[in-house]
Amino acid sequence: MKSNWFKQAVGYQIYPKSFRDTNGDGIGDINGIIEKLPYLKDLGVDFIWINPIYKSPQFDGGYDISDYYALDEDRFGTMADLQNLMMQAHSMGMKVIMDLVVNHTSNQHPWFIESRKSKDNPYRDYYHWQPATPDHLPNNWISFFGGSTWTIDEPTGEAYFHVFSKEQPDLNWHNPKVREEIYDMVRWWLEQGIDGFRLDAISHIEKAPWDFEIKSFKDNSPWEPFMNVAGIEAYMAEFKKLFDEFDALTVGEASGVSSKEATSWTDDHGYIDMIFELEHSNKDDNGQGDLKLFKDTIMRWQEDLLARGWNAPYLENHDQPRVIDVLGDGTEASAKALAVAYMLLRGTPFIYQGQEIGMTNFDYTDISQVDATDTIYLYNEKLAEGLSKTAALKVATVNSRDHSRTPMQWDATENAGFTDGKPWLVINPNYLEKNVAAAQTNPDSILNLYKFLIQLRHEYQDISEGHITFLFPEHPAVLAYKRGEFLIVTNLSATPTTITFERPGHDYQDMVTQAIVPDLLELSLESWAYRIYKKIKE
Ligand code: NOJ
């Protein structure tokens, strides 16, 4: 049985490159995280998840690791710094989890450097190699970052497999030596005192047989041959044994694991503690989210994991544009309604850095401002199709991951208090008004609302672990639910609306204003309204 501390907990995701730079190189670092621990403690978070800080050529923001046992010291700091971070976080009652990226390595990893040398190299079988010619690739699968999943490589003339970029070759999990290497490495990190992992791309470690053909890119998911493919269970069970030994906190990025399957992945005997579902965040060509999809997905995951399993609700991460501009309308009111809507769900909610102050998307004006590989790939693809630079930039950046990677806005001083040097990525000019320091002094800020929501989670078991019942499931804009004595209602739109409850009405106290709401039968909701009501005992 797993321990359950995480059921009361709130996580905070740190994208270290953009969090806080203490040595003036323009890139955030471990000491920057240490500096901000009191801020995180004050916010109320129970653990932090740090995006990859391992040695990496940074082709994909550190998700291309060239040494699993080493930190990227030039950018982020030393093992001693990390030990110091863990010590300080632990002394403040916060845990620290790291990213675990084991679907693939960097093409600069010594295993791959060896593997590509010859067909009989001892490391050949650490990766997936197949005979290929430019006209005859092993299959028609396409990679997440665009183009084929196969890249033909000299000197052997064979192709290797990658579900992300060609700089991120996939490891061959069939090879017991690979698994052993990975488990040894995981054990080593846990022995260093890490409290757990966010498991990157974990549902891709098993692949379908190479002759699986994608028939129609429209009807079946092009990712089907490498998403939660049968056979993965055996590897996850091996992982679980190891995680259990250390009582490690584990969160899986597991696309393709359905809400029904997630029960056995995350229940008391499951492989991991919780899953980030990736179904709710579709966006259209104008960067607008789909509220119906969001609401339906959230409700389905909450309901399917009610009897068994555990959710990890989130709105933002380092791969998504800012939610205030996706599901919200750019206003603080929309950021607040969204915060209430998801922070009081069942599960362990995650807040992504900057979300708590309503950081927004960046208005990209030139491709040189962009770092994300997939955005640059798309930009070049659009140029090749004949689009003008301006049009290509618009298409490529509208849903770019770099919106959420601009540096954290701490205060109104130069470079938003992020760095004394030249920031590695553009800073959003709205930092002058939108920053942590300003939010701290405003009792009505988004930040203070987040603090309050976290307190509610910590104080009331009804909210952390209680049942959930959704109300008005068909309403196009209202997300409302009951958690024990609590009634949570949000209007996720700018259009005012009125909802009517079934008789008999109940008496509530508004947890925000303390006002008494007698005999609630009808509720008028202004634009982006939220209500957190607690039943008054009869
Ligand atoms: C998911 C990560 O969140 C993303 O940033 C990364 O590009 C891919 N996995 C590949 O590791």
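Residues numbered from 1 in each chain as written. Predicted model: local features only at pLDDT ≥ 70, side-chain atom pairs only at ≥ 80, totals over all residues. Heavy atoms only, no water.

Definition in use: UniProt positions are given in the numbering used here, feature names are shortened, and annotations may be inferred rather than shown by experiment.
Under the annotation held in an unreviewed UniProt entry, the chain carries the name Glucan 1,6-alpha-glucosidase and is attributed to Pseudolactococcus chungangensis CAU 28 = DSM 22330. Per its UniProt entry, the chain bears the Catalytic activity (unreviewed entry) comment "Hydrolysis of (1->6)-alpha-D-glucosidic linkages in (1->6)-alpha-D-glucans and derived oligosaccharides." Under the Sequence similarities (unreviewed entry) heading, UniProt states for the chain: "Belongs to the glycosyl hydrolase 13 family."

### Describing the site of the ligand
Using the following cut-off: The rule for a residue being near a molecule or strand is that one of its heavy atoms must lie within 4 Å of it. Any pair of N or O atoms that falls within 3.5 Å is considered a polar contact. Within protein, one atom must be able to donate a hydrogen and the other to accept it, and sequence-neighbouring residues count only if both atoms are side-chain atoms. Using the Shrake-Rupley algorithm and a 1.4 Å probe, accessible areas are obtained, with residue cover drawn only from the displayed protein chains. Three classes are used: nonpolar for Ala, Val, Leu, Ile, Met, Phe, Trp, Tyr, Cys and Pro, charged for Asp, Glu, Lys and Arg, and polar for all others, with Gly counted as polar.
The local shell around the ligand consists of Asp 60, Tyr 63, His 104, Phe 145, Phe 164, Arg 198, Asp 200, Glu 253, His 318, Asp 319, Arg 401 and Arg 405. Within the side chain of Arg 198, one N or O atom sits 3.0 Å away from an oxygen atom of the ligand. Look at the ligand: alone it shows 290 Å² of surface, and the protein chains cover 98% of it. Along the lines of polarity and charge, the residues of the shell around the ligand split into three nonpolar, two polar and seven charged.

### Notes on the packing of helix α11 (residues 373-384) against helix α12 (residues 389-397)
Basically, it comes down to this: Every axis corresponds to a line fitted to the C-alpha atoms, with the helix fit spanning only the stretch in contact, and the corresponding angles, defined between N-to-C directions, vary from 0 to 180 degrees. Each helix corresponds to a stretch of at least 4 residues labelled H or I by DSSP, and each strand to a stretch of at least 2 residues labelled E; elements are numbered beginning at the N terminus. Handedness of each helix crossing follows the sense of rotation of the near helix against the far helix: counterclockwise by less than a right angle gives left-handed, clockwise gives right-handed. By the convention used here, residues are in contact when the closest approach between their heavy atoms is within 4.5 Å.
Following both chains from N to C, one finds α11 and α12 inclined at 145°, their axes separated by 8 Å at the closest point. Between α11 and α12 lies a crossing of right-handed hand. Touching Thr 375, Leu 378, Tyr 379, Lys 382 and Leu 383 of α11 are Lys 389, Ala 392, Leu 393, Val 395, Ala 396 and Thr 397, all from α12. Of the residues belonging to the contact of α11 with α12, the class tally is seven nonpolar, two polar and two charged.

### Digging into the nonpolar core
Note the threshold: Nine residue types can take part in a nonpolar core, namely buried Ala, Val, Leu, Ile, Met, Phe, Trp, Tyr and Cys, and a core is a set of them joined through side-chain atoms within 4.5 Å. Per-residue accessibility, obtained with a 1.4 Å probe over protein chains only, is compared with the maximum for each type, and a residue is labelled buried under 20%, exposed over 50%, and partly exposed between these values.
By size, the foremost hydrophobic cluster in this structure holds 128 residues, and its most contacted members are Tyr 12, Leu 40, Ile 182, Val 186, Phe 239 and Trp 265. Counting residues per element, this core draws most heavily on helix α10 (residues 332-343), which supplies eight residues. In this structure, Val 489, Ile 499, Val 517 and Ala 529 belong to the second largest nonpolar core, which totals 14 residues.

### Here's the deal with the pattern of salt bridges
To keep things clear, this is the line we draw: Any Lys or Arg side-chain nitrogen located within 4 Å of an Asp or Glu carboxyl oxygen qualifies as a salt bridge.
Scanning the entire structure with this criterion turns up 29 salt bridges. As a salt-bridge pair, Lys 240 and Asp 244 come within 2.8 Å of each other at their nearest N and O atoms. Of the two residues, Lys 240 and Asp 244 both sit in helix α6 (residues 232-246), four residues apart, roughly one turn of that helix. Connected through shared salt-bridge partners, Asp 60, Asp 319, Asp 374, Arg 401 and Arg 405 make up one network.

### Re the sheet that holds strand β7 (residues 150-152)
Note the cut-off: Only strands joined by at least two bridges in the DSSP assignment are considered to pair.
Reading across from one edge, β6-β8-β7 is the order of the three strands in this open sheet, with antiparallel pairing throughout. In the strand order of this sheet, the two ends are held by β6 (129-130) and β7, each with one partner. One ladder, built from two bridges, connects β6 with strand β8 (residues 159-161); its direction is antiparallel. Opposite Trp 129, over in β8, you have Tyr 160 as the bridge partner.

### Description of the domain arrangement of the chain
What counts here: Throughout, the edges of the domains are those of an automatic or database domain assignment.
The domain boundaries assigned to the chain delineate domain 1 (110-161) and domain 2 (464-535). Spacing between the C-alpha centres of domain 1 and domain 2 amounts to 55 Å.

### Looking at α10
Since one α-helical turn is 3.6 residues long, residues separated by three or four positions face the same way. Note the cut-off: By this rule, a helix spans an expected 1.5 Å times one less than how many residues it contains.
In this model, α10 (12 residues) spans 16 Å end to end at C-alpha, consistent with the 16 Å of a helix rising 1.5 Å per residue. Along α10, the positions that sit buried rather than exposed are Ser 334, Ala 335, Lys 336, Ala 337, Leu 338, Ala 339, Val 340, Ala 341, Tyr 342 and Met 343. Tucked into the core, α10 has its buried residues touching α9 (323-326), β12 (350-352), α14 (446-459), β14 (478-483), β15 (486-491) and β20 (530-535).

### Here we look at α6
The end-to-end C-alpha distance of α6, which contains 15 residues, comes to 22 Å, matching closely the 21 Å that a straight helix rising 1.5 Å per residue would cover. The set of residues buried in α6 consists of Ile 232, Tyr 235, Met 236, Phe 239, Lys 240, Leu 242 and Phe 243. Those residues of α6 that are buried lie in contact with β5 (95-101), α5 (176-191), β9 (196-200), β10 (249-253) and α7 (259-266). Note on α6: the residue one or two positions beyond its end, Asp 247, has a positive phi of about 50°.

### Digging into unusual backbone geometry
Cis geometry marks the peptide bond from Glu 154 to Pro 155; its omega dihedral reads 15°. Tracing the backbone through its elements, the reader meets Pro 155 in the loop between β7 and β8. Although it is not a glycine, Ala 416 sits at a positive phi angle of roughly 60°. Considering the arrangement of structural elements, one finds Ala 416 in the loop between α12 and α13 (436-441). Taking the relative accessible area as the measure of exposure, Ala 416 reaches 0% and is therefore buried.

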